[in-house]
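# Remarks on the overall topology
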Amino acid sequence: MVTVTMKLTSRVQRLGCVLALCFLSLVLWDIPEAWALDNGLAMTPTMGWLHWERFMCNTDCKEEPDSCISEKLFMQMADLMDSDGWKEVGYEYLCIDDCWMAAQRDSKGRLQADPIRFPSGIRHLANYVHSKGLKLGIYADVGKKTCAGFPGSFGYYDIDAETFADWGVDLLKFDGCYCDSVEQLADGYKHMSLALNKTGRSIVYSCEWPLYMWPFRKPNYTEIRQYCNHWRNSGDVYDSWQSVKNILEWTSSNQKTIVSAAGPGGWNDPDMLVIGNYGLSWDQQITQMALWAIMAAPLLMSNDLRHISLQAKMLLQNKDVIAINQDPLGKQGYLLRKEDNFEVWERPLSSLTWAVAIVNLQEIGGPRSYTINIASLGRGVACNPACFITELLPTKTKLGFYEWTSSLKTRINPTGTVLLLLGRSQTFKKLP
């Protein structure tokens, strides 16, 4: 439920032109400190499906044939991404995580898939995925072993990059386990980036470099952006509200460092969407979807598309929310304010629009009301002299025309979020 209080004054009209000029500064504000990785990829956040959170390292295909890490699982997911509307809304990359490999490299030093679980090999799987109009992602590790103990890429960066390109891989998730030093970690991430580019194949490069660097020193995001298309900063997401909260808290606490690093070609990655699984309430699923859009995060689902509910599917396929995530201006949103267990996040978008998410973090009691002054949003220019506001989540509702001096009152469920779009195109048509 949303109500509005209007205070029409001539001062709004006088300030209109002055504050509208601020938009140029917003375009220039927080321009990434360095050019992105020069491979022409990930100009908007990557979208797709990744197996890890939902299926982990299940290699027991005898006891659990429908949920083990195998070519059968990925072919089934490819079929569904093609047939159930996922591809049409932008979920393009089908990504394998850890535990796909055989225990040893082949006689020529090349990685190979487990012959029992992937009997046709990765090249065949890539061809199948490509035949569905999708792209294939794969996993490797910068160190001596993967996090699950399979062969790492240390000492094999060039041959592994060539192998992935030869197989037709389109994305590499490169983990950071089993490195002897932060120097080895950094050198390995750089080496693999250059090796991938040298293959001549377009391969999105997903790093975990800053995640493993933070315990020792503050990462150099200018450097990381030059080598990676997106990068993990915080620990793995779990299928729980506490995990999602922790990621949001880490992101807001470090936003002065990380937000300016994001932009076309390079993105902060808060990890997978766990919508459609078991651990989040409906309101919490709305919160994750809304905030991942505000954060310009890669949208990599980790769920079982064979058994996902219609409600979760509609949320993940919400075109309005995806449009915010994929906005071509490419600026990451940020926490604007926090008070009384409410958080207000905002993100500048193209066409002079803004997205605003209001989160009720209280976990006791019922829905609570929150009132915000319109003039405080969008650095003072989002609704100057006025704007048209649409609620996108939980339910799409056209709230109407708001003056700069208006106030907006929302009512939000515990751990839920209201996602708003503040637009100007409809506004100016209504002005005298």
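Structure: see above.
In this report, we go over the structure that sits alongside the text. In this numbering scheme, every chain counts its residues from 1 along its sequence in written order. With the structure being a predicted model, the display of local features is reserved for residues of pLDDT at least 70 and the display and counting of side-chain atom pairs for 80 or more, all residues being used for whole-chain, interface and lining totals. Where side-chain values are given, they derive from all heavy atoms of the structure, hydrogens and water being excluded.

### Focus: the pattern of salt bridges
Rule in force here: Here, a salt bridge means any side-chain nitrogen of Lys or Arg that lies within 4 Å of a carboxyl oxygen of Asp or Glu. A simple rule labels every residue: compare its accessible area, found with a 1.4 Å probe on the protein chains alone, to the largest value its type can have, and call it buried under 20%, exposed over 50%, or partly exposed in between. Helix and strand labels come from DSSP, where a helix needs a run of H or I of at least four residues and a strand needs a run of E of at least two; each type is numbered from the N terminus.
For the structure shown, the criterion picks out 23 salt bridges. Across the salt bridge formed by K72 and D66, the nearest N and O atoms sit 3.1 Å from each other. By relative accessible area, which is 37% here, K72 ends up partly exposed. Look at D66 and you get partly exposed, because its relative accessible area is 45%. Put simply, E363 and K245 hold a salt bridge, and the shortest N to O gap is 2.6 Å. Separated by 118 residues along the polypeptide, E363 in the loop between β12 (354-360) and β13 (368-373) and K245 in helix α10 (residues 241-253) bring together distant segments of the chain. Residue K245 is classed as partly exposed on the basis of its relative accessible area of 21%. Sharing partners across several salt bridges, the network here consists of D97, K173, E208, R232, D236 and D271.

### Focus: the state of the cysteines
Note: disulfide means a covalent bond formed between the sulfur atoms of two cysteine side chains. Put simply, the test is: Only a pair of cysteine sulfur atoms within 2.5 Å counts as a disulfide in this structure description.
A complete count under the given rule lists five disulfides for this structure. Shown here is the disulfide that connects C61 with C68, its sulfur atoms set 2.0 Å apart. As the torsion about the S-S bond is roughly 100°, the C61-C68 disulfide counts as right-handed. Across the disulfide from C383 sits C387; the S-S distance is 2.0 Å. The disulfide joining C383 to C387 has a torsion of about 65° about its S-S bond and is therefore right-handed. Among the residues examined, C383 registers a relative accessible area of 1% and is labelled buried. Each bonded cysteine in the protein chain gets a number by its place in the sequence, and the pairs come out as 1-4, 2-3, 5-6, 7-8, 9-10. Of all cysteine sulfurs in the structure, the one in C207 sits closest to C95, which takes part in no disulfide; the separation is 14 Å.

### A closer look at the packing of α10 against helix α12 (residues 282-294)
Basically, it comes down to this: Think of each axis as a best-fit line through the C-alpha atoms, taken over the contacting stretch in the case of a helix, with angles from 0 to 180 degrees between the N-to-C directions. Throughout this description, any angle smaller than 35 degrees is read as roughly parallel, any larger than 145 degrees as roughly antiparallel, any in the 65 to 115 degree range as roughly perpendicular, and the remainder as oblique. Less than a right angle of anticlockwise turn of the near helix away from the far helix marks a crossing as left-handed, whereas a clockwise turn marks it as right-handed. Here, residues are in contact when the closest pair of their heavy atoms is within 4.5 Å. Think of it as three bins: nonpolar holds Ala, Val, Leu, Ile, Met, Phe, Trp, Tyr, Cys and Pro, charged holds Asp, Glu, Lys and Arg, and polar takes everything else, Gly as well.
Where α10 contacts α12, the two axes come as close as 11 Å, and the packing angle between them is 25°. Judged on the interaxial angle alone, α12 and α10 are roughly parallel. α10 and α12 meet at a crossing whose hand is left-handed. Facing α10, whose interface residues are W241, V244, I247 and L248, α12 presents Q284, T287, Q288, L291 and W292. Partitioned by chemical class, the residues of the contact of α10 with α12 number six nonpolar, three polar and no charged.

### Some remarks on helix α7 (residues 182-198)
Short version of the rule: To estimate how far a helix should reach, multiply one less than its number of residues by 1.5 Å.
The end-to-end C-alpha separation of α7 is 24 Å, in line with the 24 Å expected for 17 residues at 1.5 Å each. Among the residues of α7, those classed as buried are V182, Q184, L185, A186, G188, Y189, K190, M192, S193, A195 and L196. Buried residues belonging to α7 abut α6 (157-167), β5 (171-175), β6 (204-207), α8 (209-213) and α9 (221-227). Just past α7, the residue G200 takes up positive phi, approximately 85°.

### Quick word on the sheet that holds β6
Rules: Paired strands are those between which DSSP finds at least two bridges.
Within the open sheet, the eight strands sit side by side as β8-β7-β6-β5-β4-β3-β2-β9. Their pairing is parallel. One side of each edge strand has no neighbouring strand; the edge strands of this open sheet are β8 (267-269) and β9 (299-301). Going from strand to strand, the sheet's axes swing by 25° on average, the running direction of each strand aside. Sheet topology note: the strand β4 (residues 135-141)/β5 ladder contains five bridges and is parallel. Its bridge partner lying in β5, D141 is registered against D175.

### Re the pairing of strand β15 (residues 397-403)
As judged from the six bridges shared by strand β14 (residues 386-393) and β15, these two strands associate in the antiparallel manner. Bridge pairing in β15 places E391 opposite T397. Between β14 and β15, which pair antiparallel one after the other, the connecting turn spans three residues.

### A closer look at the packing of aromatic side chains
We apply this condition: For this analysis, a ring pair means two rings from Phe, Tyr or Trp (six-membered ring only for Trp) whose centres lie within 6.5 Å, classed as stacked if their planes differ by under 30 degrees, edge-to-face if by over 60, and tilted for the remaining angles. Put simply, a charge is over a ring when the Lys NZ or the Arg CZ is close to the ring centre, within 6 Å, and near the line of the ring normal, within 35 degrees.
Throughout the structure, instances matching the rule amount to 14 aromatic pairs. A cation sits over an aromatic face here: R54 above F55, 4.9 Å from the ring centre. A cation sits over an aromatic face here: K145 above Y178, 4.5 Å from the ring centre.

### Some thoughts on the sheet that holds strand β11 (residues 342-348)
Ordered by their spatial adjacency, six strands build an open sheet running β10-β11-β12-β17-β14-β15, and the pairing between neighbours is antiparallel. Edge positions in the sheet fall to β10 (334-339) and β15, since each of these pairs with one other strand and no more. When the angles between neighbouring strand axes are averaged without regard to direction, this sheet yields 25°. In this structure, β12 lies alongside strand β17 (residues 417-423), joined through six bridges in antiparallel fashion. Bridging across to β17, A355 finds its partner in L421.

### Points about the environment of Y402
Positionally, Y402 belongs in strand β15. On the basis of relative accessibility, which here comes to 2%, the residue Y402 falls in the buried class. Between the C-alpha atom of Y402 and that of Q317, which follows or precedes it by 85 residues, the distance is 29 Å.

### Remarks on unusual backbone geometry
In this structure, P385 follows N384 across a cis peptide bond, with omega equal to 5°. The omega torsion of the bond from L393 to P394 falls at 5°, within 30 degrees of zero and hence cis. Tracing the backbone through its elements, the reader meets P394 in the loop between β14 and β15. Despite not being glycine, A42 shows a phi value in the positive range, around 55°. You can see A42 is positioned in the loop between α2 (22-28) and β2 (47-50). Classification of A42 as buried rests on a relative accessible area of 11%. Phi is positive for S351, which is not a glycine, with a value near 60°. If you trace the backbone, S351 turns up in the loop between β11 and β12. Using a relative accessible area of 61% as the deciding quantity, one classes S351 as exposed.

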